[in-house]
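Each chain, written out:
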Amino acid sequence: MSEMITRQCLVCGLEHRLVPPSLLARTPEPVCVKCDSPLFSVGDGSQLTVDIAHQHETVKQALAKFELTLERVWQTSHVSDVRLVVGGGLIRDAVLAELHFRKTQGTVPDFREENRGAVLVRLRGNVFAD
């Protein structure tokens, strides 16, 4: 995505027009020109649920939906957590493997299995409290 978006600072409310960074390129993160707060890694505490496994997707298709969902949420909203409905089979295993990798790379702060068929992914903020 190379199009400009309007992004509001959650701390001071100032609106910025900028090209959103990719989730994979979290640094250097754009900051607010008024209060120096990060514009993308601060979340509003909300959660979005997306089903990536129950419309007859293959593993490859589900992983593409996974990637697109995380990227869109990162670039276009202030959602803190994404709840991915992944089912209990191969798609779940592939998503968990990808999330383990992304956590070690620092692009996803944390994730946890909610149950056998759903994974909660923290995009903004700190790790989950147990």
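Cut-offs used in this document
- Residues numbered from 1 in each chain as written.
- Predicted model: local features only at pLDDT ≥ 70, side-chain atom pairs only at ≥ 80, totals over all residues.
- Heavy atoms only, no water.
- Core = buried A, V, L, I, M, F, W, Y, C linked by side-chain atoms within 4.5 Å.
- Buried < 20%, exposed > 50% of the residue type's maximum accessible area, 1.4 Å probe, protein only.
- Helix = DSSP H or I, 4+ residues; strand = E, 2+ residues; numbered from the N terminus.
- Contact = heavy atoms within 4.5 Å.
- Salt bridge = Lys/Arg side-chain N within 4 Å of Asp/Glu carboxyl O.

## Looking at the nonpolar core
By size, the foremost hydrophobic cluster in this structure holds 28 residues, and its most contacted members are Ile 52, Leu 84, Val 95, Leu 99 and Val 121. At the level of secondary structure, the elements contributing two or more residues to this core comprise helix H1 (59-76), strand E4 (81-85), helix H2 (90-105) and strand E6 (118-122). Looking at this core element by element, the count peaks at 5 residues for H1. Among residues more than four places away in sequence, those in contact with Val 95 are Ile 52, Leu 63, Phe 66, Leu 84 and Val 86.

## A closer look at the pattern of salt bridges
Scanning the entire structure with this criterion turns up 8 salt bridges. In this structure, Glu 67 and Arg 102 form a salt bridge, with 2.1 Å as the shortest nitrogen-oxygen distance. One end of the pair, Glu 67, is in helix H1; the other, Arg 102, is in helix H2, and 35 residues separate them in sequence. Note on Glu 67: relative accessible area 28%, which makes it partly exposed. A residue is classified by how much of its surface remains accessible, and Arg 102, at 2% relative accessible area, is buried. Measuring nitrogen to oxygen at the nearest pair gives 3.0 Å for the salt bridge that ties Asp 93 to Arg 92. We classify Arg 92 as buried; its relative accessible area is 11%. Three or more residues joined by partner-sharing salt bridges are found here, namely Glu 67, Glu 98 and Arg 102.

Read these as spatial facts, not as claims about activity.
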